[in-house]
Amino acid sequence: MRKKYYSFKKAAKGLAHIQLPALFLFCMMFVGVTAGFLVSGDSVTNRLSCGHNTAGITENYNPPEAFAEGETYVKEVAVKNEGSVPCYVRVFAEFEDPEIRNNTSVLVDTENWSEKQSDGFYYYSSVLDTGETTPPLVKSITAKAAITDFKMICYSETVQAEGFDNAKAAFAAIK
């Protein structure tokens, strides 16, 4: 009996005849499955919306040409939440000329607003809901002396109320 010896070349040729059709079938199956994933699919519409907090200062003030000594003038400064989320509010209110500060007396609402803080802001003590307006921070100004050039800077900031216990904590988190 004669033994058959196979050379590597003959074995590779034999396997090639078997492997090529299997490789071809595998590639065709892979291409088919990939095409199926790319062609088919479902459509989902995500209705994701972001809240925004926008606020504006509202003012009731009819400026006179000059402030007469001893006269009181109505100047109401409030903030309206024009955004879509409840927010905390703070307002910076200061005279442009520091000398005018000495010649006026400003009536500030301390029931609904904090005293002026070290950062220069007054903090509204409640959450301001959408569409609501704060009670006026500044209610009136009384002139202690005659004033001809009066300018007051009023600037407001808001931060979303969700996730915070009070206005100071909310504003401290955004620094």
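This structure is a prediction, so every number in the text was calculated from the model and none was measured.

Peer 1: Help me out: how do you make sense of the packing of aromatic side chains in this one?
Peer 2: Between two aromatic rings, the relevant description is the distance of the centres plus the angle of the planes. The full count for this structure, using the stated rule, is eight aromatic pairs. Ring centres of phenylalanine 95 and phenylalanine 150 lie 5.5 Å apart, and the angle between their planes is 70°; this geometry places the pair in the edge-to-face category. With phenylalanine 95 in strand β3 (residues 87-95) and phenylalanine 150 in the loop between β6 (138-143) and β7 (152-160), the pair connects residues that are 55 residues apart, well separated along the chain. Across this residue pair, the class does not change: phenylalanine 95 and phenylalanine 150 are buried. Centre to centre, the rings of tyrosine 123 and phenylalanine 171 are 5.8 Å apart; their planes meet at 70°, and the pair counts as edge-to-face. Note that tyrosine 123 is positioned in strand β5 (residues 121-123) and phenylalanine 171 in helix α3 (residues 167-173), a separation of 48 residues in sequence. By relative accessible area, which is 7% here, tyrosine 123 ends up buried. Note on phenylalanine 171: relative accessible area 2%, which makes it buried.

Peer 1: Please clarify how the sheet that holds β3 should be interpreted in this entry.
Peer 2: The strands that make up a sheet pair up through hydrogen bonds in the backbone, lying either parallel or antiparallel. Spatial strand order, β5-β3-β7: three strands in an open sheet with antiparallel pairing. Both edges of this open sheet fall to β5 and β7, since each of them pairs with a single strand only. On average, each strand axis in the sheet is tilted by 25° relative to the strand beside it, whichever way the strands run. Of the pairings in the sheet, the one linking β3 to β5 comprises three bridges and is antiparallel in character. Its bridge partner lying in β5, valine 91 is registered against tyrosine 122.

Rules used throughout
Residues numbered from 1 in each chain as written. Predicted model: local features only at pLDDT ≥ 70, side-chain atom pairs only at ≥ 80, totals over all residues. Heavy atoms only, no water. Phe/Tyr/Trp six-rings, centres within 6.5 Å; stacked < 30°, edge-to-face > 60°. Helix = DSSP H or I, 4+ residues; strand = E, 2+ residues; numbered from the N terminus. Buried < 20%, exposed > 50% of the residue type's maximum accessible area, 1.4 Å probe, protein only. Pairing = 2+ DSSP bridges. Axes fitted to C-alpha atoms, helices over the stretch in contact; angles between N-to-C directions.

These figures capture arrangement, not role.
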